[in-house]
Amino acid sequence: MASINYSSDKIPNNVDLANDRTLQRALEHWQPHFLDWWQHLGPSDFQKSDVYLRTATSVDADGWASYGAVKMPEYRWGIFLADPVAERKIGFGDNMGQPAWQQVPGEFRSTLRRLIVTQGDTEPASVEQQRLLGHTCPSLYDLRNLFQVNVEEGRHLWAMVYLLHAYFGRDGREEAEELLARHSGDADKPRILTTFNEPISDWLSFYCFTYFTDRDGKYQLKSLAESAFDPLSRTCRFMLTEEAHHMFVGETGIGRVVKRTLEVMKELGTEDPARLRAAGAVDLPLLQKYLNFWCSSSLDLFGSEVSSNSAANFANGLKGRPDESQYEDHVLRAAQLKLETPRGVEEVPLLNALNEVMRASYLKDCEIGLKRWNRAIERAGHALRLALPSPHFRRTIGAWVNVPVTPEGKIVPREEYEKRLYAWIPSEQDRAFVRSLMQRVVEPGKMAGWVAPPERGINNLPVEYEYVRLS
Ligand SMILES: [Fe+2]
Ligand SMILES: [Fe+2]
């Protein structure tokens, strides 16, 4: 298995960087720029704290991580690709069955670069969005998880920068610099995708972001892992192993909020949101609003229902469907899809509707946590159920853009929609309340009052472990 050498290399890697001096020099030139970015736009403060982090030591499925106390700026960001699949063939599109590409074909150069840059841009963006969260952490356990997610998003940036440097020459190096020059929420140089310009200033949003937006990341990575461009496929396959923890943080985080709220409901013997808020708990209707907000904004990331770009990317073998092998037809030249539009059901070529196919499989994956949280609510004897909003709710892209649709999927008059919008997504008042809950708790084992402790700690350590040693 490809193990990673941490002792001799300036940049840990399993791509034999030492034998490609030009590439090594180019990346060593980018490295201080990255570290500078981390210092200025990575987590605010805590750079001197010891954080119990996992670091990849090999890329095989078991035992790829080692845990230990690390100061974040000393984290060993590196370049790790999943092991190659011998004689890998293209698994879909018009070139299906031909050997996967080890180099970028000239005709797809700019499209592939764009795909890599768009993915790469989201990684540092999320670190920037989350940079102030440490100040209001609900526990040291959570603080550690935040930083684990942050350093791994930093590594995902490295993964994309490696591809740009190794396969796209001078343009690639310029794009790598630009990835550090755009900033989340910046008026002049914002991040590429809108969702990644929304600041994440409270932990409820952080849990929702890791649940919904990191899951979009999972689906994007899954579709790029199918790519005929083999280095991209191998890079994304390894990124997916890291991504799983990010969604774990989201799913267990929201689950812990539900658990705590149910406890307070029981203590007070009430479902009244006002009384629950007065007791410092997140009432379930408020949680529902956060789910509506983050789910709908993450759904936009899949793009328009009908897209000639995604059709071309599929036909050319650049980007497949997540878990492409589960399907029977991998060419899609004859298949049709019934698409729901505001005008009714329309039949479109499936090849043109792949964003919608991806969105549907993503939504199915999103349901898993909902079922778990709802089971807890049901067991506690309450009738309310959390739900995903309709995929047509609050869309800012595609067939449903600006159509006034309720979270239940009903088209209503615009006036009614506007009047009720803040019954569906957090109002300024709701956000202010959630902000008021965000009090920093840093005593080992202690939790903020709005969230239950996790079932277990990290890497078999107790929940009370001092996961971050503040300096
Ligand atoms: Fe990522
Ligand atoms: Fe992530």
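This report concerns the structure included in the present document. What you are looking at is a predicted structure, and each value in this text was computed from that prediction instead of being measured.

### Concerning the coordination of the iron ion (ligand 1)
Protein-derived coordination of the iron ion (ligand 1) comes from Glu123 (OE), Glu153 (OE) and His156 (ND1), at a distance range of 2.0 to 2.2 Å. In primary sequence terms, the donor set of the iron ion (ligand 1) follows E-x29-E-x2-H. The distance between the iron ion (ligand 1) and the iron ion (ligand 2) comes to 3.4 Å, with Glu153 serving as a donor to both metals. In this pair, Glu123 is assigned in helix H2 (residues 109–129) and Glu153 in helix H3 (residues 140–167), connecting sequence segments 30 residues apart. Of the two residues, Glu123 and Glu153, both sit in the buried class.

### Structural notes on the environment of Glu251
Inspection of the secondary structure assignment puts Glu251 in helix H6 (residues 230–268). Residue class for Glu251 comes out buried when judged on its relative accessible area of 16%. For the pair formed by Glu251 and Tyr207, sequence separation is 44 residues and the distance between their alpha carbons is 7.2 Å. Apart from residues no more than four positions distant in its own chain, Glu251 is found in contact with Tyr211, Gly369, Arg372 and Trp373.

### What about the sheet that holds strand E5 (residues 468–469)?
Across the sheet, which stays open at both edges, the three strands sit in the order E2-E1-E5 with antiparallel pairing between neighbours. Looking along the sheet, the strands with just one partner apiece sit at the ends: strand E2 (65–71) and E5. In the sheet, strand E1 (residues 50–56) pairs with E2 via seven bridges, with the strands oriented antiparallel. The partner of Leu53 across the bridge, within E2, is Gly68. Those strands touched by H3 are E1, E2 and E5, and its axis lies near 40° from that of E1.

### Let's talk about unusual backbone geometry
With a phi angle near 65°, Asp45 is a residue other than glycine that sits in the positive phi range. Within the element layout of this structure, Asp45 appears in the loop between helix H1 (21–41) and E1. Of note in this structure, Arg394 is not a glycine but carries a positive phi near 60°.

### Things to note about helix H12 (residues 428–437)
Taken residue by residue, H12 has Asp430, Arg431, Phe433, Val434 and Leu437 as its buried positions. Projected onto a plane normal to the axis of H12, the buried residues spread over an arc of 160° and lie on a single side. Residues Glu428 and Gln429 are exposed on H12 and point more than 90 degrees away from its buried face. In this structure, the buried residues of H12 make contact with helix H5 (203–225), helix H7 (273–278), helix H8 (284–299) and helix H11 (414–424).

### Observations regarding the pattern of salt bridges
For the structure on display, the rule yields 33 salt bridges. Taking the shortest distance from any N to any O, the salt bridge between Glu152 and Arg54 comes out at 2.7 Å. Here Glu152 is found in helix H3, whereas its partner Arg54 is found in strand E1, with 98 residues between them in sequence. Accessibility expressed as a relative area gives 1% for Glu152, which makes it buried. In this structure, Glu178 and Lys189 form a salt bridge, with 2.7 Å as the shortest nitrogen-oxygen distance.

### A few points about empty space enclosed by the protein
Under the counting rule described, the total for this entry stands at one cavity of 30 Å³ or more. Roughly 30 Å³ of volume is contained in the largest cavity. In this structure, the largest cavity is lined by Asp50, Val51, Tyr52, Ala69, Tyr465, Glu466, Tyr467 and Arg469. The element contributing the most residues to the lining of the largest cavity is E1, with three residues. Counted by class, the lining of the largest cavity contains five nonpolar, no polar and three charged residues.

So, how was this worked out
- Residues numbered from 1 in each chain as written.
- Chains lettered and ligands numbered in written order.
- Predicted model: local features only at pLDDT ≥ 70, side-chain atom pairs only at ≥ 80, totals over all residues.
- Heavy atoms only, no water.
- Donors = N, O, S within 2.8 Å, 3.2 Å for Na, K, Ca; no water.
- Helix = DSSP H or I, 4+ residues; strand = E, 2+ residues; numbered from the N terminus.
- Buried < 20%, exposed > 50% of the residue type's maximum accessible area, 1.4 Å probe, protein only.
- Contact = heavy atoms within 4.5 Å.
- Pairing = 2+ DSSP bridges.
- Axes fitted to C-alpha atoms, helices over the stretch in contact; angles between N-to-C directions.
- Arc of directions from axis to C-beta.
- Salt bridge = Lys/Arg side-chain N within 4 Å of Asp/Glu carboxyl O.
- 1 Å grid on protein atoms, 1.4 Å probe; cavity = no way out; pocket = protein on both sides within 12 Å on 5 of 7 lines; lining within 4 Å.
- Points joined across faces, edges and corners; volume = space filled by probe spheres on them.
- Nonpolar A, V, L, I, M, F, W, Y, C, P; charged D, E, K, R; others polar.

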